[in-house]
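In case you want the letters, here they are:
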Protein chains: 2
Amino acid sequence: MNNFVYHNPAKILFGKGVEKDAAREIRACGGTRVLLVYGGGSIKRSGLYDTLTDSLKAEGLPFWELPGVQPNPRLTPVKEGIRLCRENGIDFLLAAGGGSAIDTAKGIAVGVPYNGDVWDFYERKVKAEKALPVGAVLTIPAAGSETSDSSVLTKEEGLRKLGCGSPVMIPRFAIMNPELTCTLPAYQTACGASDILAHLMERYFTQVDHVDFTDRLLEASMRTILDYAPLALAHPEDYDIRAEIMWAGTIAHNNLLDTGRVGDWGSHRIEHELSAIYDIAHGAGLAVVFPAWMKYVWRDGPDRFVQFAARVFGVEIAHGNKERAVEAAIARLEQFYRSLGLPTRLSEAGIPDDRLREMAQKCTLPGPQGNFKKLYEEDVYNIYCLAK
Amino acid sequence: MNNFVYHNPAKILFGKGVEKDAAREIRACGGTRVLLVYGGGSIKRSGLYDTLTDSLKAEGLPFWELPGVQPNPRLTPVKEGIRLCRENGIDFLLAAGGGSAIDTAKGIAVGVPYNGDVWDFYERKVKAEKALPVGAVLTIPAAGSETSDSSVLTKEEGLRKLGCGSPVMIPRFAIMNPELTCTLPAYQTACGASDILAHLMERYFTQVDHVDFTDRLLEASMRTILDYAPLALAHPEDYDIRAEIMWAGTIAHNNLLDTGRVGDWGSHRIEHELSAIYDIAHGAGLAVVFPAWMKYVWRDGPDRFVQFAARVFGVEIAHGNKERAVEAAIARLEQFYRSLGLPTRLSEAGIPDDRLREMAQKCTLPGPQGNFKKLYEEDVYNIYCLAK
């Protein structure tokens, strides 16, 4: 086990009706002027918009709005938000939605007190050390951004999708009402589950030894998603099913489950090139990339893959027969994705194979990717080819 | 799943050598004058005392000392600590040791800014809303006090052992170096493991439905303790074994694993009467009480006990045969305790049976205990009798 620091001070309010407390929590954090960041019309249709704005008015908190945040969020709205905050003396960001709204708010949060271009943080030219406080009202369990220390944005020019992280980006509070997720369409539910599972697998596939406790917590979390994601599609309005997925989605990405270990994260970077160019859902891209990544890298740590096969998928092929056990586990993972209606090949996702080399180049531009196995351009290209 | 609020802002520094950072962390928390709270000579023998005091001197932080805290910590040293803090303008408490040192520091922390008797908090006459900041340097993984919101003390007069809890009691930081636990004697190691397992079982045995994700996290944590506690006795100086237990001990009691559920806590209260009068180790007392509690209450929720049997102990007796599955699980639990050299009966712990009625009365003085099954005086008495 590696040395580690774990510190996640986000306050979580979870359950029915908790969104009513948003304005009170903002006030408790010292916020006085609020920017409400959200996406399309879904928070208006669900009534969440009215609940939040009523709560802000009742608490006497003036607010401004930044609507229209897109999936795979872009840099331009972040710059617009920074301008709005500076012009209006806004001191608190309230994001309502999924990872896109929250990541946008986090970008604005670090951008406001910074004198340069906010993209510098994403290009890792500077490390964010100051930020406006952010609160999140989560409606899509997926990205884990509601308590994570990171944000991922795409710069329109060149379609570069990059992430940045800093402890100052951790939201002060996350408001999580599973009822708000009961109206999520099946495909978004599936993509969210895939994203959560990927966060767990990225952490699981490590080369660090002696991490049995966090292994077991990760396995427990993965099995929760494997059990409950198909149930959420079958019973979309079942509160208890949505609650299991929503809480697991947060724990999957709040850094608790990578304490003492080094996650891989290669698949995320490989996927980011797909969703940057083709604008597919991140969770769908991960369902395409992860099985291919596994096929390519498992020989660099077969025991870990056999453990994954046995404990997560119940594969009980004799311990000596590692290749077949791993093959069986990857097949089960692909079955899981397909059962949710997700693609497991580029072709199924409608992605042609004429830009694989370009994506492999862009992906490895900052250097080799992944920690379980260091992936150079040729490796990433091979993984895209395995995913064709 | 119940609605919940989860908020644990304790910063954890975990790994080799992290105790060197104690003074820097105090400074970062705004501490300027420190009370070092500890027990006997073990932190002097291990060199921890020198490391901490050197670090305080290097950081230029004046400090005072409150040594001599006993296991099953008493109220008198807390009052002495409050006096020391007030007389010397101390604004930070650094506890070095196990739950006793940390619980004592927490008692002092809430006592200093309070105008009445600090025991009021433990008798739940008032709720603690202000406290001096506390930091913990953990040397015994057991109580989970290093990031918990609670403290348990015994008032000498009448030997009443009571706990109190408040978010203001959560330590600002916990410094956890598994190396410091490698010299723990076997019996203390065993008692610590028993305490950790009890924290997990108290949370596991709930009547709240639809808590599958936290069930699985709890099962993962219990299996970690069941696997690693015997290994720690066999290989006391193995860092990796100690690290698994130490990290699991914190997660077992930082309130994450009871999110959305209501734990039982009857066994803890029943045990407190034992350790208050007979001054036995809390973990040993829990090994006596828990099997008896299980035998007494399982019929109030047999499915949960069968799940415990199957998932924690691998008992695969046919699902219809609940009574035998539960019996097998309790037998395995008793085997586990005995394998660690712990008693599973009052007689083995050297506790006579002439005060069982008195203890049952004291235990239920504030009202019935436990949530899985409400236990009145007669129930608690029956559980003591089952443990004879």
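These figures come from a predicted structure and were not determined experimentally. (Residues numbered from 1 in each chain as written. Chains lettered and ligands numbered in written order. Predicted model: local features only at pLDDT ≥ 70, side-chain atom pairs only at ≥ 80, totals over all residues.)

**A closer look at the pairing of strand 8 (residues 160-165) of chain A**
Residues and elements named next belong to chain A.
Part 1 of the argument: Two strands pair when backbone bridges link them, and strand 7 (residues 150-155) and strand 8 are joined in this way by six bridges, in the antiparallel orientation. Residue pairing for strand 8: Ser151 is matched across the bridge by Cys164.
Part 2 of the argument: Remark: four residues form the turn of the hairpin made by strand 7 and strand 8, two consecutive strands paired antiparallel; Gly158 in that turn has positive phi of roughly 85 degrees. (Pairing = 2+ DSSP bridges. Helix = DSSP H or I, 4+ residues; strand = E, 2+ residues; numbered from the N terminus.)

**As for the nonpolar core**
A general trend in soluble globular proteins is that nonpolar side chains are found buried together.
Part 1 of the argument: One finds Val37(A), Leu93(A), Leu94(A), Val37(B), Leu93(B) and Leu94(B) to be the most contacted residues of the largest nonpolar core, which totals 267 residues.
Part 2 of the argument: Contacts of Val37(A), omitting those with residues within four sequence positions, involve Leu66(A), Val69(A), Gly81(A), Leu93(A), Leu94(A), Ala95(A), Ala101(A), Thr104(A) and Ala105(A). (Core = buried A, V, L, I, M, F, W, Y, C linked by C-beta atoms within 7 Å. Buried ≥ 20, exposed ≤ 12 C-beta atoms within 10 Å, placed from the backbone. Contact = placed C-beta atoms within 7 Å.)

**A look at the domain arrangement of chain A**
By a frequent convention, interface size equals the accessible area lost on bringing the separate parts together.
Residue and element names in this part refer to chain A.
Part 1 of the argument: Looking at chain A, the domain boundaries give domain 1 (11-180) and domain 2 (185-386).
Part 2 of the argument: One C-alpha centre belongs to domain 1, the other to domain 2; they are set 26 Å apart.
Part 3 of the argument: Domain 1 puts 21 residues into the contact, and the matching count from domain 2 is 25 residues.
Part 4 of the argument: Only strand 2 (11-14), strand 8 and strand 9 (173-176) provide two or more residues apiece to the side of domain 1 that touches domain 2.
Part 5 of the argument: Partitioned by chemical class, the residues of the side of domain 1 that touches domain 2 number 11 nonpolar, five polar and five charged. (Domains from an automatic or database assignment. Nonpolar A, V, L, I, M, F, W, Y, C, P; charged D, E, K, R; others polar.)

**Considering the interface of chain B and chain A**
Part 1 of the argument: The interface of chain B with chain A comprises 31 residues on the first partner and 31 residues on the second.
Part 2 of the argument: Listing elements by their share of the side of chain B that touches chain A, those giving two or more residues are strand 1 (4-6), strand 2 (11-14), helix 8 (212-234) and helix 9 (239-251) of chain B.
Part 3 of the argument: Ranked by residue count, the leading element in the side of chain B that touches chain A is helix 8 of chain B, at eight residues.
Part 4 of the argument: Along the lines of polarity and charge, the residues of the side of chain B that touches chain A split into 15 nonpolar, eight polar and eight charged.
Part 5 of the argument: As defined by bridge partners, strand 1 (residues 4-6) of chain A adjoins strand 2 of chain B across three bridges and the pair is classed as antiparallel. Within the sheet, the bridge partner assigned to Val5(A) lies in strand 2 of chain B and is Leu13(B).

**Describing the sheet that holds strand 9 (residues 173-176) of chain B**
Part 1 of the argument: Strand order in the open sheet formed by seven strands is 1(A)-2(B)-9(B)-6(B)-5(B)-3(B)-4(B), with mixed pairing between adjacent strands. Two strands in the sheet have a free side with no partner beyond their single neighbour: strand 1 of chain A together with strand 4 (63-66) of chain B. Geometrically, the sheet is characterised by an average inter-axis angle of 15 degrees between neighbouring strands, direction not taken into account. (Axes fitted to C-alpha atoms, helices over the stretch in contact; angles between N-to-C directions.)

**Some thoughts on helix 3 (residues 48-58) of chain B**
Residues and elements named next belong to chain B.
Part 1 of the argument: Within the sequence span of helix 3, burial applies to Leu48, Thr51, Leu52 and Leu56. Projection of helix 3 onto a plane perpendicular to its axis shows the buried side chains occupying an angular sector of 130 degrees, all on one side. Turned more than 90 degrees off the buried face of helix 3, the exposed positions are Asp50, Lys57 and Ala58.
Part 2 of the argument: Buried residues along helix 3 sit against helix 1 (22-28), strand 3 (34-38), helix 2 (42-45), strand 4, strand 5 (92-97) and strand 6 (134-138).
Part 3 of the argument: Downstream of helix 3 by a residue or two, Gly60 has a phi angle that is positive, lying close to 70 degrees. (Arc of directions from axis to C-beta.)

**Details of unusual backbone geometry**
Residue and element names in this part refer to chain A.
Part 1 of the argument: A positive phi angle is found at Asn72, which is not glycine, with a value near 50 degrees.
Part 2 of the argument: Summarising the element assignment, Asn72 is placed in the loop between strand 4 (63-66) and helix 4 (75-88).
Part 3 of the argument: In this structure, Leu159 is a non-glycine residue whose phi angle is positive, near 50 degrees.
Part 4 of the argument: Inspection of the secondary structure puts Leu159 in the loop between strand 7 and strand 8.

**Digging into the sheet that holds strand 1 of chain B**
Part 1 of the argument: Strand order across the open sheet formed by seven strands is 4(A)-3(A)-5(A)-6(A)-9(A)-2(A)-1(B), with mixed pairing between neighbours. Bordering the open sheet on either side are strand 4 of chain A together with strand 1 of chain B, each of which pairs with just one other strand. For this sheet the average axis-to-axis angle between neighbouring strands, irrespective of direction, equals 15 degrees.
Part 2 of the argument: Relative to strand 9 of chain A, strand 2 of chain A runs parallel, the two being bridged by four bridges. Across the sheet, residue Lys11(A) finds its bridge partner in strand 9 of chain A, namely Phe173(A).

**Looking at the relation of the copies chain B and chain A**
Part 1 of the argument: Aligned on chain A, chain B shows an RMSD of 0.0 Å; the corresponding rotation is 180 degrees and the shift along the axis is 0.0 Å. Put plainly, the chains are arranged around a two-fold axis. Closest approach to the rotation axis within chain B is made by the C-alpha atom of Pro9(B), at a distance of 2.0 Å.
Part 2 of the argument: Counting the interface residues of chain B, we find that 100% of their copies in chain A are interface residues as well, pointing to one common contact surface. (Least-squares fit on C-alpha atoms with pLDDT ≥ 70 in both.)

**Regarding the packing of helix 11 (residues 282-297) of chain A against helix 15 (residues 377-386) of chain A**
All names here are of chain A.
Part 1 of the argument: Relative to each other, helix 11 and helix 15 sit at 120 degrees, their axes nearing to 8 Å. By the criterion of interaxial angle, the relationship of helix 11 to helix 15 is oblique. In the crossing of helix 11 with helix 15, the sense of the turn from one axis to the other is right-handed. On helix 15, the residues that touch Ala292, Trp293, Lys295 and Tyr296 of helix 11 are Asp379, Asn382, Ile383 and Leu386.
Part 2 of the argument: Residues that form the contact of helix 11 with helix 15 fall into these classes: five nonpolar, one polar and two charged. (Parallel < 35°, antiparallel > 145°, perpendicular 65-115°, else oblique. Left-handed = near helix turned anticlockwise from the far one by under 90°.)

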